[in-house]
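Listed here are the chains, written in short residue letters.
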Amino acid sequence: METILYAYQYLIFFYAFSLVAIYSTLAVLAFYKLTQLVAKKSTDTEKIFRESPFIPGISIVAPAYNEEKSIINNVISMMTVNYPTFEVVIVNDGSKDDTLQLLIDNFEMVETTYAYVEKIKTKPFKRIFKSTNPAYSRLIVVDKENGGTKADASNAGVNVAKYPYFICTDVDCVLDREALSKMVLPIISTKTRVIAVGATMRMVNSCKVENGVMVETRLPKRIFPLYQEIEYLRSYLIGKLGFSTFNAVHNVSGGLGLFDKEVAIGAGGYDPLSHAEDMDMTTRMIAYMINYQKPYKVEQVPDTCCWTEGPPSFRVLNRQRTRWARGLFQIFSVHKKYLFNRKFKKLGLISFPYIFIYEFLAPVIEMTGYLVTIYLIIVGGINWDTAILMLFFVYIFGIAVSFTTLLYERLLEHRFTNREYIRLILFCLIEPFI
């Protein structure tokens, strides 16, 4: 027993040490990319959009199910983005409330003939509506039978989308007016085919939104959205941005992602049975490009392009995290062939091993750690001086990562007041305990 505990403690030490090394490396890589993007951002965007005649069209696809309370403002938000060529495809996924009727009445829509081609199989398509008002000419509403998942509705939207790229988002998200311009920039400024682009998402809780347009960003007042604000910033500005420096991003968020339509359809679209449809499709798109020996990139832009509603209570947070955990379990059940597989290059040797070791196995290792710690306390097997020192190191490293994230956000966008930054700093100090 003593030998097993001894070996286990060394295993945990190297596990924790490797995680510290990975986070530190990602933070440095993210800073490198961030400084490059900040230096180029002020000039490149304007120059490219002014001089290039090849700006691709983008379809914004958003499923809607029983969204009568917010659907009008949310559609207005999507239609006010500042981009030369785009359309908004709202998929009414068999809503039982007045979602569809509100869209018809407010946007002067009528049923129209449309050559619907089912490139990706979905639940039965019913009809399509377009507006008689030229002011809403960019808007298309797809009416279909309920598919039970966002993925099925998204696939129907992709079938209708006419442009070579599509953004998939949630209908209750608030898009930044420059979101499309910021997210398309990696596509038009590189020679390698960019198959997907992610961007930073924030919490809309406590923000001031008028007619679907973000007027003023504010820090969430409640503790759970505030926690997710910090968590999202760490994930996007250090994790995904760091991985993007060597083309190893493993997931483009379902809340906001820009995708190459041809590759997405070739990979089979979204899986309607998946609990993690965003990561599942990103994985299959990458595998699709590798199988056909085509160079590709999955990019991450650090700019905030979307705001979403954060869990307001522990009950909602628990439901969200349970769904994420089921999705992660499903990913490794369905795509286990990619894990440690050299054929799939960075996907098989970097991205999937990282997710498997440091995300999928993390709860198992944590629970085992709690049980071992309790046992060691009972038998008096803990060196308290060393234990306290190591806990202090973990605490300091954790808040250092959070502080680094806040520094990156301030360098990039500086969206909060000084008072709100102080509140964020104080929250970062107590977050590890709660």
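Criteria and cut-off values
- Residues numbered from 1 in each chain as written.
- Predicted model: local features only at pLDDT ≥ 70, side-chain atom pairs only at ≥ 80, totals over all residues.
- Heavy atoms only, no water.
- Helix = DSSP H or I, 4+ residues; strand = E, 2+ residues; numbered from the N terminus.
- Rg over C-alpha atoms; globule rule 2.2 N^0.38 Å.
- Buried < 20%, exposed > 50% of the residue type's maximum accessible area, 1.4 Å probe, protein only.
- Contact = heavy atoms within 4.5 Å.
- Areas by Shrake-Rupley, 256 points an atom, 1.4 Å probe, with all protein chains shown as cover.
- Lys, Arg positive; Asp, Glu negative; His and termini not counted.
- Charge placed at Lys NZ, Arg CZ, Asp CG, Glu CD.
- Pairing = 2+ DSSP bridges.
- Axes fitted to C-alpha atoms, helices over the stretch in contact; angles between N-to-C directions.
- Salt bridge = Lys/Arg side-chain N within 4 Å of Asp/Glu carboxyl O.
- Polar contact = N/O pair within 3.5 Å; in protein donor to acceptor, adjacent residues only side chain to side chain.
- 1 Å grid on protein atoms, 1.4 Å probe; cavity = no way out; pocket = protein on both sides within 12 Å on 5 of 7 lines; lining within 4 Å.
- Points joined across faces, edges and corners; volume = space filled by probe spheres on them.
- Nonpolar A, V, L, I, M, F, W, Y, C, P; charged D, E, K, R; others polar.
- Patch = residues over 30% accessible without salt bridge, like charges linked within 9 Å, V, L, I, M, F, W, Y side chains within 5 Å.

Caption draft 1: Fine view of the overall build of the chain. The secondary structure content of the chain amounts to 13 helices and twelve strands. Computed over C-alpha atoms, the radius of gyration of the chain comes to 23 Å, within 12% of the 22 Å expected from 2.2 N^0.38 for 434 residues, which places it in the range of a compact globule. Taken along its principal axes, the extent of the C-alpha atoms in the chain is 75 × 50 × 45 Å. The buried share among the 434 residues of the chain stands at 49%. Of the contacts formed within the chain by residues at least 6 apart in sequence, a portion of 77% connects residues at least 24 apart. A total accessible area of about 21600 Å² is found for the chain, and carbon and sulfur atoms account for 60% of it. The centroid of the 47 positive side-chain charges in the chain is displaced by 4 Å from the centroid of its 41 negative side-chain charges.

Caption draft 2: Main features of the sheet that holds strand S5 (residues 139-144). Spatially, the ten strands line up as an open sheet ordered S3-S4-S5-S2-S1-S6-S11-S8-S12-S7, and their pairing is mixed. In this open sheet, the two edge strands, each paired with only one partner strand, are strand S3 (109-112) and strand S7 (174-175). Most of the contacts of helix H8 (residues 277-291) go to strand S11 (residues 256-260), to which it runs at about 25 degrees, and overall it touches strand S6 (165-169), strand S8 (194-203), S11 and strand S12 (297-308).

Caption draft 3: Summary view of the pattern of salt bridges. In this structure the tally under the stated criterion is 19 salt bridges. Asp 152 is the salt-bridge partner of Lys 144, the closest N and O atoms lying 2.6 Å from each other. Bridged by salt links that share partners, the residues Asp 176, Lys 182, Arg 202, Glu 229, Glu 409, Glu 413 and Arg 415 form one connected network.

Caption draft 4: Layout of unusual backbone geometry. Within the chain, Glu 108 stands out as a residue other than glycine whose phi angle is a positive 50 degrees. Note on placement: Glu 108 falls in the loop between helix H3 (99-106) and S3. Judged by its relative accessible area of 38%, Glu 108 falls in the partly exposed class. Even without a glycine there, the phi angle at Lys 345 is positive, about 50 degrees. Take Lys 345: it is sitting in helix H10 (residues 345-360).

Caption draft 5: Quick look at the side chain of Asn 74. Relative to the elements of secondary structure, Asn 74 occurs in helix H2 (residues 71-79). For Asn 74, a relative accessible area of 7% corresponds to the buried category. Of note is the side chain of Asn 74, whose polar atom sits 3.0 Å from the backbone oxygen of Val 171. In this structure, Asn 74 is in contact with Val 171, Asp 172 and Cys 173, ignoring residues within four places of it in sequence.

Caption draft 6: View of empty space enclosed by the protein. Inspection of the entire model under this criterion finds two cavities of 30 Å³ or more. There is about 40 Å³ of room inside the largest cavity. What lines the largest cavity is simply Asn 247, Ala 248, Val 249, Ile 286, Tyr 296, Lys 346, Leu 347 and Ser 351. The biggest single contributor to the lining of the largest cavity is H10, with three residues. Taken as a whole, the second largest cavity spans an internal volume of roughly 30 Å³. Lining the second largest cavity we find Arg 202, Met 203, Cys 207, Thr 217, Arg 218, Glu 229, Trp 307, Arg 415 and Phe 416. For the lining of the second largest cavity, the residue count by class is four nonpolar, one polar and four charged.

Caption draft 7: Seen up close, a nonpolar patch on the surface. Together, Met 1, Ile 4, Ile 374, Tyr 375, Ile 378 and Val 379 make up an exposed nonpolar region whose accessible area comes to about 650 Å². Tracing the backbone through its elements, the reader meets Ile 378 in helix H11 (residues 362-379). Under the relative-accessibility criterion, Ile 378 is labelled exposed at 68%.

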